[in-house]
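# Structural features, examined
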Amino acid sequence: MKDMKGRYGRYALITGASSGIGEEFARQLAAEGLDLVLVARRKGRLDRIAKELRTRYHVDVRVAPVDLSLEDFMLELDPVINDLEIGLLVNNAGFATSGPFLETDAEKELEMLHVNARAPLVLTKALAPAMVGRGRGGIIFLASMAGMISLPYMANYAATKAYDLMLGEALWYELKGRGVDVLSLAPGAVKTEFGKVAEVGSGFGLMEPEKVVSKALRKLGRTPSFVPGSFFRAIAGSSRILTRKMLVRVAGSLWTRYIMRRKHVDCLEKRPEDECS
Ligand SMILES: NC(=O)c1ccc[n+]([C@@H]2O[C@H](COP(=O)([O-])OP(=O)(O)OC[C@H]3O[C@@H](n4cnc5c(N)ncnc54)[C@H](OP(=O)(O)O)[C@@H]3O)[C@@H](O)[C@H]2O)c1
């Protein structure tokens, strides 16, 4: 791998570092010798990961237990980072809701918009100018294949991920001549806590986070966006030959069947069969 510290600067800030893809970014970047700022709500988890990475890789790791859905989250984060050169920003924190749009909780949908879309915007606005000033830096946006294919029954989630995808791709172009590498990472399904949180099943993931992250770090600076895994790249590729109308119809019918089957399986785990038809 390229010299990450020389290319980007001393510290990487990773949001959503308490589990899944974010935790894996923390592990791989620490292994590259970068010092870290880990952001998420679950402080206990962040502390445990920080302790392990300090011991194993002899890097500095700061922990910022911050709720990114709050309007003024920068007030909490600023004291932790204001004396640091953040060279790499990984806008990873995110979650999904699932179910018919008219039935999901409006507050939760707004919270998701804030974490998945507003927080990356606020953080990028806060940290990118200094990167440009130094002539070096990197920013990764966790988009999703859901951001390429409108997804009925995860409609707002897909819309937030389309936002991440578009923002990252456009910034790749704007910042590429100014020393800052930008990548929108658009995974398909990854084995993390995501499926459980979104209530689409814990067996939802297909790819291991290790592979997703190592590929992303290699692609950073080389391309505006990247879908890890040849299976998911093939789906992303084939989606380009369909019209938008066909695409949303196919996605809707496959997803309806998947969600209905999941909900049936979940029901059977809790109730007798005659109550789960
Ligand atoms: N797994 C997949 O199949 C998949 C596919 C495509 C894209 N993605 C994207 O990948 C990213 C990471 O997800 P993951 O798969 O690694 O899921 P995950 O294991 O559930 O991790 C989500 C992370 O986001 C953090 N987070 C959630 N709400 C937060 C809030 N209000 N404030 C601060 N941090 C918050 C969580 O930390 P706390 O709970 O401790 O706050 C956790 O560290 C997400 O943006 C997701 O959309 C995932």
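The structure reproduced in this document is the subject of the present report. (Residues numbered from 1 in each chain as written. Predicted model: local features only at pLDDT ≥ 70, side-chain atom pairs only at ≥ 80, totals over all residues. Heavy atoms only, no water.)

The next subject is the overall build of the protein. Counting its secondary structure elements, the protein contains 10 helices and 7 strands. The C-alpha atoms of the protein give a radius of gyration of 19 Å, which matches the 19 Å a tight globule of 277 residues would have. Expressed as a percentage of its 277 residues, the buried residues of the protein come to 50%. Sequence separation of 24 or more characterises 72% of the internal contacts of the protein that already satisfy a separation of 6 or more. Surface accessibility of the protein: about 13600 Å² in total, with carbon and sulfur atoms responsible for 55%. For the protein, the separation between the mean place of its 40 positive charges and that of its 33 negative charges on side chains is 7 Å. (Helix = DSSP H or I, 4+ residues; strand = E, 2+ residues; numbered from the N terminus. Rg over C-alpha atoms; globule rule 2.2 N^0.38 Å. Buried < 20%, exposed > 50% of the residue type's maximum accessible area, 1.4 Å probe, protein only. Contact = heavy atoms within 4.5 Å. Areas by Shrake-Rupley, 256 points an atom, 1.4 Å probe, with all protein chains shown as cover. Lys, Arg positive; Asp, Glu negative; His and termini not counted. Charge placed at Lys NZ, Arg CZ, Asp CG, Glu CD.)

Okay, the nonpolar core next. Core analysis: the biggest nonpolar cluster contains 87 residues, and Phe 25, Leu 29, Leu 36, Val 37 and Leu 38 have the highest contact counts within it. If one sorts the elements of this core by residue count, helix H5 (residues 106-134) sits on top with 7 residues. If sequence neighbours within four positions are ignored, Leu 36 has contacts with Tyr 11, Ala 12, Ile 14, Ala 26, Leu 29, Ala 30, Leu 53, Asp 60, Val 61 and Arg 62. (Core = buried A, V, L, I, M, F, W, Y, C linked by side-chain atoms within 4.5 Å.)

Bringing the site of the ligand into the picture now. Taken together, 30 residues lie near the ligand, and Arg 41, Arg 42, Asn 92, Tyr 157 and Thr 192 sit nearest. At 2.7 Å, a side-chain N or O of Arg 41 approaches an oxygen atom of the ligand. Within the backbone of Val 190, an N or O atom sits 2.8 Å from an oxygen atom of the ligand. Computed on the free molecule, the ligand has an accessible area of 880 Å², of which 97% lies beneath the protein chains in the complex. Looking at the shell around the ligand, the elements with two or more residues in it are helix H2 (20-31) and helix H6 (155-175). (Near = heavy atom within 4 Å. Polar contact = N/O pair within 3.5 Å; in protein donor to acceptor, adjacent residues only side chain to side chain.)

With that settled, consider unusual backbone geometry. Of note, the phi angle at Tyr 153 is positive, near 75 degrees, even though the residue is not glycine. Checked against the element boundaries, Tyr 153 lands in the loop between strand E5 (137-142) and H6. Exposure remark for Tyr 153: the relative accessible area of 33% places this residue in the partly exposed category. Positive phi, normally seen in glycine, also occurs at Glu 199, with a value near 60 degrees. Relative to the elements of secondary structure, Glu 199 occurs in the loop between helix H7 (194-197) and helix H8 (209-219). Glu 199 gets classed as exposed once you look at its relative accessible area, which sits at 52%.

As a further point, take a positive patch on the surface. Judged by side-chain charge, Lys 211, Lys 215, Arg 218, Lys 219, Arg 222 and Arg 233 come together as a positively charged surface patch. For the positive patch, the leading source of residues is H8, giving 4 residues. With respect to the element layout, Arg 222 can be found in the loop between H8 and strand E7 (225-226). (Patch = residues over 30% accessible without salt bridge, like charges linked within 9 Å, V, L, I, M, F, W, Y side chains within 5 Å. Salt bridge = Lys/Arg side-chain N within 4 Å of Asp/Glu carboxyl O.)

As enumerated under the stated definition, the model contains 16 salt bridges in all. One salt bridge connects Glu 193 with Arg 42, and the closest N-O pair in it is separated by 3.3 Å. You can see Glu 193 sitting in the loop between strand E6 (180-185) and H7 and its partner Arg 42 sitting in the loop between strand E2 (35-40) and helix H3 (43-57), a full 151 residues away along the chain. Judged by relative accessible area, which is 37%, Arg 42 ranks as partly exposed. Its salt-bridge partner being Glu 193, residue Arg 45 comes within 2.8 Å of it at the nearest N-O pair. In this pair, Arg 45 is assigned in helix H3 and Glu 193 in the loop between E6 and H7, connecting sequence segments 148 residues apart. A residue is classified by how much of its surface remains accessible, and Arg 45, at 26% relative accessible area, is partly exposed. A relative accessible area of 28% places Glu 193 in the partly exposed class.

Within H8, burial applies to Pro 209, Val 212, Val 213, Ser 214, Ala 216 and Leu 217. Those residues of H8 that are buried are in contact with helix H1 (4-8), H2, E5, E6 and E7. Positioned one or two residues after H8, Gly 221 has a phi angle of 95 degrees, which is positive.

Time to look at the packing of aromatic side chains. Within the structure shown, the criterion is met by 2 aromatic pairs. Considering the side-chain rings of Tyr 157 and Phe 194, the 5.3 Å spacing of their centres and the 50 degrees angle between planes classify their relative orientation as tilted. Of the two residues, Tyr 157 sits in helix H6 while Phe 194 sits in helix H7, which places them 37 residues apart along the sequence. Between the NZ or CZ atom of Lys 176 and the centre of the ring of Trp 172, over which it lies, the distance is 5.6 Å. The cationic tip of Lys 176 hangs over the ring face of Tyr 173; the distance from NZ or CZ to the ring centre is 4.6 Å. (Phe/Tyr/Trp six-rings, centres within 6.5 Å; stacked < 30°, edge-to-face > 60°. Lys NZ or Arg CZ within 6 Å of the ring centre and 35° of its normal.)

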